[in-house]
Structures are given as structure tokens and as C-alpha cells.
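Listed below, chain by chain, are the residues.
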Amino acid sequence: MSNNTIQAYAAMSAGALLEPYQFDAGELQPHQVEVKVEYCGLCHSDISVLNNDWGSSVYPVVAGHEIIGTITQLGSEAKGLQIGQRVGIGWTAESCQHCDPCISGQQVLCTGGQVATIVGHAGGFADKVRAGWQWAIPLPEDLDPESAGPLLCGGITVFDPILKHQIQAIHHVGVIGIGGLGHMAIKLLKAWGCEITAFTSNLDKTDELKAMGADHVVNSRDPAAIKTLRGKFDLLLSTVNVTLDWQAYLATLAPNGTVHMLGLPLEPMQISAGSLIGGAKSVTGSPTGSPAALRQLLKFAARKNIAPQIELFPMSEINAAIERLHSGQARYRIVLKADF
Ligand SMILES: [Zn+2]
Ligand SMILES: [Zn+2]
């Protein structure tokens, strides 16, 4: 078996169970690195791509984009990295390095040919994975590799808007939906110093969420409870993929407040212009984050001892892990340990 042979778990068609799959990745390109996978988180976007929910999947699909591993091959153009170094790879595997967003350090917004790690590219449910060197993010030594993977997608997705909206300790932030993304948002905002309100449809989680750092826990489907929060939030981070009463949530914003969309409800949002104009409010959204923000997140998480709460499965039990994610019982992120 050549050095360029990769063993993986793949879906051969939409919604199929994953099965062992081996392929030849060819010679490493000069700008790429190859990483031996140690751990890989399981994100809802993996399920969306495995099932072709977004119509862009390329089969066989090797999913997995919350990857932690060590560098085994370095292309000749790769900079600042070493063989054997531990790195993380998230949603993006490649960006063009010459479009305006790339040149201005916003590679996550690349318009010149961005490659997602699991779309037309083989991801981390494998023994090895490849990416452009800029997207291999060095892992700080004191960050636990077993639980760090989810920071590379779910974590950066909630961290980037904290940076972008210049959130400070004096701000009150609401987090809507407390699963993989939402629980990381609470932990990060706690370390950031903010007042935090968690909105969840499952109040059984209340004690856990308070232990994580939430100051208040509110039923996300209780109109009366939401109505009492009028004018409170500087930022609302929505991680849910279901439609909520967005007008009611807009009313909970403080003047100049923002609802920031991270989850993907399928229906268009119903909001009136009037609900934005009065308090100069905004609705924004963002994908994951660029390499500099990823580095900042990992350093911040290491310094503040922030680790996603995970359930560990061997990668060989990947189908059972996916079933566990579907059950809605996972607390809060599933991570697979490579056992090829
Ligand atoms: Zn993801
Ligand atoms: Zn670009």
C-alpha cells in the first residue's frame, strides 16, 4: 500500500450507511499538508453532506471536518509547520490565496475557489486527510487533543461573531439552541465575561447550562417568557435550524442589537422592517472563520481551559455515532477516535 493510500469511511450514495473505503490520494500538492487523523468531531453539517441535503455533495462522501492530528507530509510551499506537529483542520480545506477576501485575511469568504473539507474533497473520517497549509491550525500544547476537534467548526462558528460584533464583558448575549454549537458559545462567552441567557426547548438541561456558565435559562418556545426580555440583548446567536418567532426575538434586542444566524432554518425569516428601524437593529449571519481567528480561538481556549463537552466513539463505530447524534441525546458533541 503506497504512502498516498487513504483508508476512510464513506457514504456511496445519499443517506447510505458509511462503509470502509480506500482510495489513492495521489502525490501531495506543493501547497498542501497531510495529517494523520487522531480524532474527528461529528457535526450536523456532516449529516447534511452525507444526505446531500444541500444538493452539492460529491459521492463517495468522506465526511468529518473537526479534525485533530499530526502532520505526516509537508508540501514544498507549506510555511510555519513541521512534520509531527499537531494541528486542527475545520470546515475549509483550501482557499485561493489571491482573491480580495483571501488577501485581506478573510479566507473563509474566499471567492476564488474555496474547497470545503467534505465537499468534493475527502474529510477526516479517515486515517489521513489533506488541506492547504494555511488551514492546518497549530494546536497549543496545553489544549486536550481528544476534545479540541469541535472547536475547529462548531467552536469557531460561535467565536467569530463574538469578534466581529466586538462583544465585550459589559454585553448581554443570548444563545438560542444549546447543542454542539450553543454549549460552546456559553463556555466561550463565560470566559469572555458576558452576561449570558441560554434559550433551549429542553429545560431539563437547566442545571447543566448554569454549571457551564449561563446566567439565565429560558424556554425558547414560551412566548410569555420571551416577552419579558424586551430590550435586553446586545447580541443573539441563533444556532437552531428550525423556524422561531423571529419578530419576538427581535423585540428582545437592546438598541443597536443584532440577531446573528448560525443555524440554517429552511424557511425564509419573517421579519418586518419596522422591527429593525426603531432600535437600529440588525440581522446578520456568518459561516465558520478564517485561519487567524481559528488560531486566536485555540489560544484563547487553551488559556481559559475551555473544552467542548464530548462523547467519544471509536471511528469504527461511526454508524452508531451518527445514530446517537440523530437521537438528540448526545451531550454535547460526539468525537470519533481513529482506530484504523
Ligand atoms: Zn461543522
Ligand atoms: Zn480566495
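Residues numbered from 1 in each chain as written. Chains lettered and ligands numbered in written order. Predicted model: local features only at pLDDT ≥ 70, side-chain atom pairs only at ≥ 80, totals over all residues. Heavy atoms only, no water.

Naming follows an unreviewed UniProt entry, where the protein appears as alcohol dehydrogenase (NADP(+)) of Acinetobacter schindleri CIP 107287. According to the UniProt record, the Sequence similarities (unreviewed entry) comment for the protein reads "Belongs to the zinc-containing alcohol dehydrogenase family." Per UniProt, the protein carries the Cofactor (unreviewed entry) text "Zn(2+)". (UniProt positions renumbered as here; feature names shortened; annotations may be inferred.)

(A) View of the packing of helix α5 (residues 180–192) against helix α10 (residues 291–304). α10 packs onto α5 with a crossing angle of 70° between their chain directions and a minimal axis gap of 11 Å. By the criterion of interaxial angle, the relationship of α5 to α10 is roughly perpendicular. Across from Leu 188, Ala 191 and Trp 192 in α5, the residues of α10 making contact are Leu 297, Phe 300 and Lys 304. Counted by class, the contact of α5 with α10 contains 5 nonpolar, no polar and 1 charged residues. (Axes fitted to C-alpha atoms, helices over the stretch in contact; angles between N-to-C directions. Helix = DSSP H or I, 4+ residues; strand = E, 2+ residues; numbered from the N terminus. Parallel < 35°, antiparallel > 145°, perpendicular 65-115°, else oblique. Contact = heavy atoms within 4.5 Å. Nonpolar A, V, L, I, M, F, W, Y, C, P; charged D, E, K, R; others polar.)

(B) Seen up close, unusual backbone geometry. Following Tyr 59, the chain continues to Pro 60 via a peptide bond in cis, the omega torsion being 0°. Following the sequence through the fold, Pro 60 ends up in the loop between α1 (44–50) and β4 (67–74). The omega torsion across Arg 331 and Tyr 332 is -15°, close enough to zero to call that bond cis. Of note, Tyr 332 is situated in the loop between α11 (318–327) and β17 (333–337). With a phi angle near 50°, Gln 166 is a residue other than glycine that sits in the positive phi range. Looking at the secondary structure, you find Gln 166 in the loop between α4 (154–164) and β10 (172–176). The phi angle at Ala 280 is positive, at roughly 50°, despite the residue not being glycine. Along the chain, Ala 280 turns up in the loop between α9 (273–277) and β15 (282–285).

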